[in-house]
Amino acid sequence: MRGRSSVDVGTRRCRGGRRGVALPDMDGEKTTIPAVSVALRRGDRLLLVRRGRAPSKGLHAFPGGRVEQGETLEDAAARELFEETGLRAGTLARYLELELEGSAQDHFYRLTVFRADHVSGEPVAGDDAEAAGWVTLDEMAGIPITRSTLAAAREILTGESPASWVGIDRDA
């Protein structure tokens, strides 16, 4: 997945680069909601938060959320990381883009995942995160976690790509 600007997921093609604007889908039935997350790495661990609100309430995932009107994807990623954990990242690098079904039938999320290395500080859960902490890949196997987060974590920490990103969504 590294170095690609888009990824086939199901029947949709994911592309990034738009500022935070909810856009009607090409078929006119669903609205696209831009969202971001940050896979922040510290050695053999990644930073995860336990979601306190839908979508994915109670599941662990990378810190992130919706892109606000007029905000760049990078600015949104830095803001969401800080709001949910109190941490700031160094250079953010685009890693992966997915389209995830929303909790309602009328929208889906276009999620841009960024990678970054931990610079300093310890996470403190804030905003809609119930908890935040550094987790190894082995520890991820024992917690409720989104499938897309686990697949991305496996690739980031081991270099093993999933056979396919098709069908990977926010459900545990």
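Residues numbered from 1 in each chain as written. Predicted model: local features only at pLDDT ≥ 70, side-chain atom pairs only at ≥ 80, totals over all residues. Heavy atoms only, no water.

1. Digging into the layout of surface pockets
Unfilled space is identified by rolling a water-sized probe across the atoms.
At step 1: Of the volumes computed, that of the largest pocket is approximately 500 Å³.
At step 2: For the largest pocket, the lining is made up of 28 residues, of which Arg-51, Pro-55, Gly-64, Gly-65 and Leu-111 are closest to its centre.
At step 3: Residue assignment for the lining of the largest pocket shows that the elements contributing at least two residues are β4 (31-42), β7 (64-66), α1 (73-85), β8 (93-101), β9 (107-117) and α3 (147-158).
At step 4: Looking at the lining of the largest pocket residue by residue, the class counts come to 13 nonpolar, seven polar and eight charged. (1 Å grid on protein atoms, 1.4 Å probe; cavity = no way out; pocket = protein on both sides within 12 Å on 5 of 7 lines; lining within 4 Å. Points joined across faces, edges and corners; volume = space filled by probe spheres on them. Helix = DSSP H or I, 4+ residues; strand = E, 2+ residues; numbered from the N terminus. Nonpolar A, V, L, I, M, F, W, Y, C, P; charged D, E, K, R; others polar.)

2. Section: the confidence of the model for the protein chain
At step 1: Overall, the predicted model of the protein chain reaches an average pLDDT of 80, with 76% of residues at or above 70.
At step 2: Every residue in residues 1-25 is under pLDDT 50, and counting partners more than four places away or in other chains gives 77 contacts. (pLDDT = per-residue confidence, 0-100. Contact = heavy atoms within 4.5 Å.)

3. As for unusual backbone geometry
At step 1: Of note in the backbone geometry, Asp-127 takes a positive phi value of approximately 55 degrees without being a glycine.
At step 2: Tracing the backbone through its elements, the reader meets Asp-127 in the loop between β9 and β10 (129-135).
At step 3: Note on Asp-127: relative accessible area 48%, which makes it partly exposed. (Buried < 20%, exposed > 50% of the residue type's maximum accessible area, 1.4 Å probe, protein only.)

4. Some remarks on the environment of Arg-45
At step 1: With respect to the helices, strands and loops of the structure, Arg-45 is situated in strand β5 (residues 45-51).
At step 2: Through-space distance from the C-alpha of Arg-45 to that of Thr-136 is 4.5 Å; in sequence the pair is 91 residues apart.
At step 3: Contact partners of Arg-45, with chain neighbours within four places excluded, come to Leu-40, Trp-134, Val-135, Thr-136, Glu-139 and Leu-157.
At step 4: There is a polar contact of 3.3 Å between the side chain of Arg-45 and the backbone oxygen of Trp-134. (Polar contact = N/O pair within 3.5 Å; in protein donor to acceptor, adjacent residues only side chain to side chain.)

5. Considering α3
One turn of the α-helix equals 3.6 residues, which is why residues spaced by three or four share an orientation.
At step 1: Compared with an ideal rise of 1.5 Å per residue, which puts twelve residues at 16 Å, α3 spans 16 Å between its outermost C-alpha atoms and is within 8% of the ideal.
At step 2: Restricting attention to buried positions, one finds in α3 the residues Ser-148, Thr-149, Ala-151, Ala-152, Ala-153, Glu-155, Ile-156 and Leu-157.
At step 3: Elements in contact with the buried residues of α3: β4, β5, β6 (60-61), β8, β9 and α2 (137-140). (Expected span 1.5 Å × (residues − 1).)

6. Section: α1
At step 1: The end-to-end C-alpha distance of α1 is 18 Å, a good match for the 18 Å that 13 residues give at a rise of 1.5 Å each.
At step 2: In this fold, the buried residues of α1 make contact with β4, β5, β7, β8, β9 and β10.

7. Here we look at the pattern of salt bridges
A side chain with one charge can pair with a side chain of the opposite charge if their charged atoms come near.
At step 1: Across all of its chains, the model carries 14 salt bridges by this definition.
At step 2: Ionic pairing is found between Arg-79 and Glu-68, a salt bridge with its closest N-O pair at 3.6 Å. In this pair, Arg-79 sits in helix α1 while Glu-68 sits in the loop between β7 and α1, placing the two residues eleven residues apart along the sequence.
At step 3: Judged by relative accessible area, Arg-79 falls into the buried class, the value being 16%.
At step 4: The shortest N-O distance in the salt bridge between Arg-79 and Glu-80 comes to 3.0 Å. The residues Arg-79 and Glu-80 share a single accessibility class, namely buried.
At step 5: Here the salt bridges share partners, and the residues they tie into one network are Glu-68, Glu-71, Arg-79, Glu-80 and Glu-83. (Salt bridge = Lys/Arg side-chain N within 4 Å of Asp/Glu carboxyl O.)

8. A word on the nonpolar core
At step 1: One finds Leu-46, Leu-48, Phe-62, Tyr-95, Val-113, Met-140 and Ala-153 to be the most contacted residues of the largest nonpolar core, which totals 21 residues.
At step 2: Within the second largest apolar cluster, 13 residues are counted, among which are Val-36, Ala-76, Phe-114 and Trp-134. (Core = buried A, V, L, I, M, F, W, Y, C linked by side-chain atoms within 4.5 Å.)

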